[in-house]
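Examination of the molecular architecture
Take a look at the letters that make up each chain.
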Amino acid sequence: MVTRRVADILKNGQPDELATIKGWVRTKRELKGFSFIEVNDGSSLAGLQAVLDADLPDYENIIKQLSTGASVEIEGKLVESPGKGQKIEMKGESVIVYGTADPETYPLQKKRHSFEFLRTISHLRSRTNTLGAVFRVRNACATAIHQFFQEKGFLWIHSPIITASDCEGAGELFTVTNFDLNKLPKNDGGEIDYSQDFFGKQAYLTVSGQLQAEVMAMAFQNVYTFGPTFRAENSNTSRHLAEFWMVEPEMAFCDLEGDQNLAEEFLKYIFKYVLDNCAEDIEFFNKWVNKSLLETADNIINNEFERVTYTEAVALLEKATKKFEFPVEWGIDLQSEHERYLAEDLFKKPVIVTNYPKDIKAFYMRLDEGEKTVSAMDILAPGIGEIIGGSQREERLDVLERRIKEMNIEADDIWWYLDLRRYGTVPHAGFGLGFERLVQFITGMTNIRDVIPFPRTPLSADF
Ligand code: 4AD
Ligand code: MG
């Protein structure tokens, strides 16, 4: 008999249909003459309730084994459920217990566990309601992202994880080597000599696929990356990971305005997709995690984002009656408290801040007229802060050469990047969306460690 997923049975199951389900026991209730077993297979928040009659062969032994966490296959007939909360249940006819879960030691008992505790059992926490819902929504976000770009004719490109370039220049690179660093030869100056290493030079885990996306956009016009990126950022916050996923579209023949328009349309599309496809999970988050989640989602989908320049944003922050820990003046990098003030307190919706001072941004951003600012944009989301960072890129060879000199970047290291400006250069723009911050935004989860299956943060890389 075909195995059906629980979500499908709960939605489409009809009385008298025969079905088999396979999953893990969530709860067991033993009554006189029969028992209720709730089986969850990860396909939905709710499990399917199976009723097992005491006249089933080997009933006592089976029921003893079916404690929370045990894995099981139940075959039976679907019947209308007399109970509240579900319209269909299963009358079990045969049961196979695959694996038991000793109630004395199984860590996930039927009570609310803290997220901190669940982080210590990453190998089991996906079986809980909240983490289950998070990872279904995460999957839906990924699907929405691919669907959005594929519908628009963007090519998904696979940027490398190992690279020799430092896209952001922020000194947050993890070094890749196939040697024990202590055993690598040193040069005359006492520094490690990477010429002897696997790649013959110093290589890193990528912080961004943007530079390679620019290469591909110069052939395919519109492309996007979607993959893991790495930053040795020693910040233990609820919004930073050492390994996170980033989505980076790059568009040829596009300026900063086109970039902002695409980013806004993109975020709205993902929200709508998730609301349409994960309604049950989103309602769960709205009830248990963030009570204004549905309101926020509605606000995102139906209102235009606010757009201000950095200079305007600084003026608004200077006028604010709120006291900031970090003083505001033109030229500072906006801190999380400033970003959240703008998005949460002032505008109460996502805010796109553009044209930041050139000194606080990366080398590749296009210099604005007057040469004080660059064509950068950040999208600040209520409750999160920066969720997207992007820019129009410097397409003028002479300006780019001047900028990299000012910033002490070796032209020889990015000769290929300069070549793109030598041969058929075009105005182009793109952005990077932090995928985990997006999942936080959509679910209301407060800690980024709880929206990625296996979080990597300072002093923690278990599993
Ligand atoms: O603003 P960032 O550094 O921009 C770039 O990397 C550009 N190369 C993107 C581009 O234009 N193609 O990073 C982009 C986004 C941030 O807005 C943030 O959402 C996320 O990546 N991000 C992180 N997410 C989790 N943990 C970290 N340590 C993150 N650092 C950045
Ligand atoms: Mg940024």
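Residues numbered from 1 in each chain as written. Chains lettered and ligands numbered in written order. Predicted model: local features only at pLDDT ≥ 70, side-chain atom pairs only at ≥ 80, totals over all residues.

The next subject is the overall build of the chain. Scanning the chain from N- to C-terminus turns up 13 helices and 16 strands. Across the 463 residues of the chain, 39% fall into the buried class. Look at the contacts in the chain between residues 6 or more apart in sequence, and 68% of them connect residues 24 or more apart. (Helix = DSSP H or I, 4+ residues; strand = E, 2+ residues; numbered from the N terminus. Buried ≥ 20, exposed ≤ 12 C-beta atoms within 10 Å, placed from the backbone. Contact = placed C-beta atoms within 7 Å.)

Our next topic: the site of ligand 1. Lining the immediate environment of ligand 1, one finds 23 residues, of which Ser208, Gln210, Gly389, Gly432 and Gly434 sit closest. Of all the secondary structure elements, the ones that give two or more residues to the shell around ligand 1 are β11 (243–252), β15 (385–392), β16 (428–434) and α13 (435–443). The leading source of residues in the shell around ligand 1 is β15, at 6 residues. Looking at side-chain class alone, the shell around ligand 1 contains 7 nonpolar, 9 polar and 7 charged residues. (Near = placed C-beta within 6 Å. Nonpolar A, V, L, I, M, F, W, Y, C, P; charged D, E, K, R; others polar.)

Right, let's get into the packing of helix α4 (residues 129–151) against helix α7 (residues 279–288). The interhelical angle for the contact between α4 and α7, taken along N-to-C directions, is 130°, at an axis separation of 10 Å. Accordingly, the angle class assigned to the pair α4 and α7 is oblique. You can see that α4 and α7 cross each other, and the crossing is left-handed. On α7, the residues touching Asn129, Ala133, Arg136 and Val137 of α4 are Asp281, Phe284 and Phe285. Its residues assigned to classes, the contact of α4 with α7 shows 4 nonpolar, 1 polar and 2 charged. (Axes fitted to C-alpha atoms, helices over the stretch in contact; angles between N-to-C directions. Parallel < 35°, antiparallel > 145°, perpendicular 65-115°, else oblique. Left-handed = near helix turned anticlockwise from the far one by under 90°.)

Backbone-to-backbone hydrogen bonds pair the strands of a sheet. The strands run either parallel or antiparallel. The sheet built from 8 strands is open, its strands ordered β6-β10-β11-β16-β15-β14-β13-β12 with mixed pairing. In this open sheet, the two edge strands, each paired with only one partner strand, are β6 (155–156) and β12 (306–309). Summarising the sheet, β11 and β16 pair through 5 bridges and their orientation is antiparallel. Across the sheet, the residue bridging to Glu250 is Gly430, located in β16. (Pairing = 2+ DSSP bridges.)

Take the pairing of strand β3 (residues 48–53) next. As a general feature of sheets, a regular strand has side chains that alternate between the two faces. Where strand β2 (residues 34–40) meets β3, 6 bridges bridge the pair, whose relative direction is antiparallel. Bridging from a neighbouring strand, Glu38 pairs with Gln49 of β3. Bridge count for β3 against strand β5 (residues 88–99) is 2 bridges, and the pairing is parallel. For Ala50, the partnering residue across the bridge sits in β5 and is Met90.

Membership of the largest hydrophobic core comes to 92 residues, with the highest contact counts inside it found for Val137, Cys141, Ile270, Val274 and Leu438. A total of 9 residues in this core trace back to one element, the largest contributor, which is α4. Each of two domains, domain 2 (127–164 + 207–450) and domain 3 (173–206), supplies a minimum of three residues to this core. Leaving out residues up to four positions away in the same chain, Val137 has contacts with Val274, Cys278, Asp281, Val439, Ile442 and Thr443. Ranked by size, the runner-up nonpolar core spans 18 residues in total, among them Leu10, Ile21, Ala50 and Ala70. (Core = buried A, V, L, I, M, F, W, Y, C linked by C-beta atoms within 7 Å. Domains from an automatic or database assignment.)

Our next topic: the sheet that holds strand β7 (residues 162–163). With respect to topology, 3 strands assemble into an open sheet ordered β7-β9-β8, the strand pairing being antiparallel. Of all the strands in the sheet, the pair left with one neighbour each is β7 and β8 (175–176). Note: β8 against strand β9 (residues 203–205), 2 bridges, orientation antiparallel. The residue of β9 that forms the bridge with Val176 is Ala203.

This brings us to the pairing of strand β1 (residues 18–31). Sheet topology places β1 next to strand β4 (residues 71–80); 7 bridges connect them, and they run antiparallel. Within β4, the position partnered with Gly23 by the bridge is Val72. For β1 and β2, the ladder comprises 7 bridges, and the chain directions are antiparallel. If you follow Arg29 over to β2, its bridge partner there is Phe36. Where β1 hands over to β2, the hairpin turn is made up of 2 residues, of which Gly33 adopts a positive phi near 90°.

A separate point is unusual backbone geometry. Within the chain, Asp16 stands out as a residue other than glycine whose phi angle is a positive 80°. Within the secondary structure, Asp16 is located in the loop between α1 (6–12) and β1. Under the C-beta neighbour-count criterion, Asp16 is labelled exposed, with 8 such atoms within 10 Å. The backbone of Asn408 sits at a positive phi, close to 60°, despite the residue not being glycine.

All right, on to the packing of helix α11 (residues 397–406) against helix α12 (residues 415–422) then. Packing of α11 against α12 brings their axes to within 9 Å, and their N-to-C directions diverge by 155°. Here α11 is positioned roughly antiparallel relative to α12, judged by the angle of their axes. Facing Leu397, Leu400 and Glu401 of α11, the residues of α12 in contact are Leu418, Arg421 and Arg422. A class-by-class count of the residues in the contact of α11 with α12 yields 3 nonpolar, no polar and 3 charged.

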